[in-house]
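In case you want the letters, here they are:
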Amino acid sequence: MLCAWYQPAHGQTPFQTEHLSLIEDYVLTKKLALAQLEIDQILADSLQDPMTKNAATAFQVEIMVEKEQYDKAIKNALECLEDKSFPPALKVRLWIQLGLIYEVLQQPQKSLDYLHQAQRYYISNPKDRYYGVFLYRKSSLHRVNDQPELALPLARKAREFGEKNGFFDVSGSAYFLLSSLHRETDSIIANKYLKKSMEHFSQMEDPNGVAAMLVNLAMVENNKYNFQEALRLTDSALQIAKSNKDQMTIESSYLAKSTIFEKRGDLDSALHYYKIYDDVGLQRVIQEQRSNIEKINTDYSLRQEILEREQAEKRLESAKAFNLYLWIFTGILVLVLSFLTWIGFRLKRKNNQISRQQNEIQTSHQELEAALVKKQSLLRELNHTVKNNLTLILSLVQFHVEELEDPMYRNKIEVLEKRIRAIALAHSQLTYTELVADGHFSDLSDYFHQIRLALGSLEQGRVHYHFNIQPLEVKIRTALPLGILINELISNSLKHAKTKNGELEIHLNLEKQNDHIEITYSDSGSTFTDEVDPGLGLFIINSMVEQLDGTLEQVDQTYLISFSIL
């Protein structure tokens, strides 16, 4: 039994403990539908003890994260964390899940804050399976932040902890991390770790984990030009994923096959499997939307049934009271009876009017909900399509970079890749929040910081950045060209600015002056070289300023840019 963390609370039966253990088994082996059925039974049972319901709620958050329903997961997790009666042993799991969510959403500081809370918990409490999960989550965060020197020790520690305690999901995930961290430096060790990861997922009877590792091994063989072996591994992963209805691995398997055929030069087959990958992804999104709509309809029907029952009880009570008074006054005065009858008629008419108004309100509410669901679905599909197209373009550009031998043309294509990546980064930054969906964007400081990080590979020496960004709100049509403009300015400085001591100082100041935004950009370089098509960079800068309907003035190494707030 995998549920080693759970201890029965006072009054709980062994059946309840085994019930929760079964749910955890389902979650670990990615049998999410079965886990959800068990959770729904617990939450619907009014006689269940609070401890069991709290544990079921924590599992519910993990399932939401697995399904990439991050908004719902954050909302439920924060509600639980605000509940003072929620046990710390369950809170630590929510902190770890929030750390994962914000890692995926590219908000590393928030992710690190939640992981630090989990770390503080384990200082004074026993280390259970989720301690191993905490270790490889923190290692993964350092890996995506390009900090391998911090990620490696944590991944090794997670592997040792998982192997020592028999938590094969922990050790399997740790081996996968180690493989990723060694992929660029030692492909043999990386391949060895991938196989170890697959062995551990197999020992815990997690076919989805095994299938995922087969896909990664296939990509390793693809990089070695062992196309037949890569296709064999991909077909094996696809067979396992289909038998277990693992939609995510099915998608990644088809994408891997498309990549293999593309590298082999069979573009027709590559396009065929990419279309299948795109269709499977779209079907998964549609199915998730249908499931959400069915759940909303079920909840709404249940609420309506309760409301109708309450209204019927109230009407019954009113009728009883009315009949009582009627019997009392019937024998006394006919006039009183007539008066009461008239009052009853007026009340009935008023109730009918209220009922009609309620029906109209209900109909309007349903129409608004349907329109909102449709809008959200279309927006997600649009963002998904744009993201896939940008990823495909970057993959094609990277593929051509690897084929070019001429340094000059290779450098030109790499510059093109950086510019496309800046657009991809802008799309990623501009598609998450409700405000962005309505056409507004406010976190320019983080936006420029992400652009600087993406250009790190161009740094040729020590570079010191001095950003002074005034918080303000702009629209998407302003934020996108502004991001491309800043990308080109920093790129030009990193590639062309010459300094005497090898240290480059870059200053960026952005502030609002009345109804204008004023930008001052400069670097400490003494001159620019004429390498790598500088005229294109200047053309892009001028184009973005023109798109912003602004003005540009250059004095030595300082750019003064001004434009109206749209």
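Everything discussed here concerns the structure shown above.
Quantities reported herein were computed from a predicted structural model and do not represent experimental measurements.

S.K.: Mind showing me how you'd approach the pattern of salt bridges here?
M.R.: Once their charged atoms are close, side chains differing in charge can pair, the charge on each being opposite to the other. Summed over the entire model, instances satisfying the criterion amount to eight salt bridges. Among the salt bridges present, the one from Arg 93 reaches Glu 62, with a minimum N-O distance of 2.7 Å. Taken together, the residues Arg 93 in helix H5 (residues 88-104) and Glu 62 in helix H3 (residues 50-66) connect sequence positions 31 residues apart. Judged by its relative accessible area of 2%, Arg 93 is buried. Overall, the relative accessible area of 8% leaves Glu 62 in the buried class. Measuring nitrogen to oxygen at the nearest pair gives 2.3 Å for the salt bridge that ties Arg 129 to Asp 169. Residue Arg 129 is located in helix H7 (residues 129-144), and its partner Asp 169 is located in helix H9 (residues 168-182); the two are separated by 40 residues in the primary sequence. A relative accessible area of 4% places Arg 129 in the buried class. Among the residues examined, Asp 169 registers a relative accessible area of 9% and is labelled buried.

S.K.: Please explain the packing of H7 against helix H8 (residues 148-165) as it appears in this structure.
M.R.: With their axes 8 Å apart at the nearest point, H7 and H8 run at an angle of 160° to one another. With respect to each other, H7 and H8 are oriented roughly antiparallel. The two elements H7 and H8 cross, and the hand of that crossing is left-handed. Residues Arg 129, Tyr 131, Gly 132, Leu 135, Tyr 136, Lys 138, Ser 139, His 142 and Arg 143 of H7 form the contact with H8, whose participating residues are Leu 150, Ala 151, Leu 154, Ala 155, Lys 157, Ala 158 and Phe 161. Residues belonging to the contact of H7 with H8 are distributed by class as follows: nine nonpolar, three polar and four charged.

Conventions we followed
Residues numbered from 1 in each chain as written. Predicted model: local features only at pLDDT ≥ 70, side-chain atom pairs only at ≥ 80, totals over all residues. Heavy atoms only, no water. Salt bridge = Lys/Arg side-chain N within 4 Å of Asp/Glu carboxyl O. Helix = DSSP H or I, 4+ residues; strand = E, 2+ residues; numbered from the N terminus. Buried < 20%, exposed > 50% of the residue type's maximum accessible area, 1.4 Å probe, protein only. Axes fitted to C-alpha atoms, helices over the stretch in contact; angles between N-to-C directions. Parallel < 35°, antiparallel > 145°, perpendicular 65-115°, else oblique. Left-handed = near helix turned anticlockwise from the far one by under 90°. Contact = heavy atoms within 4.5 Å. Nonpolar A, V, L, I, M, F, W, Y, C, P; charged D, E, K, R; others polar.

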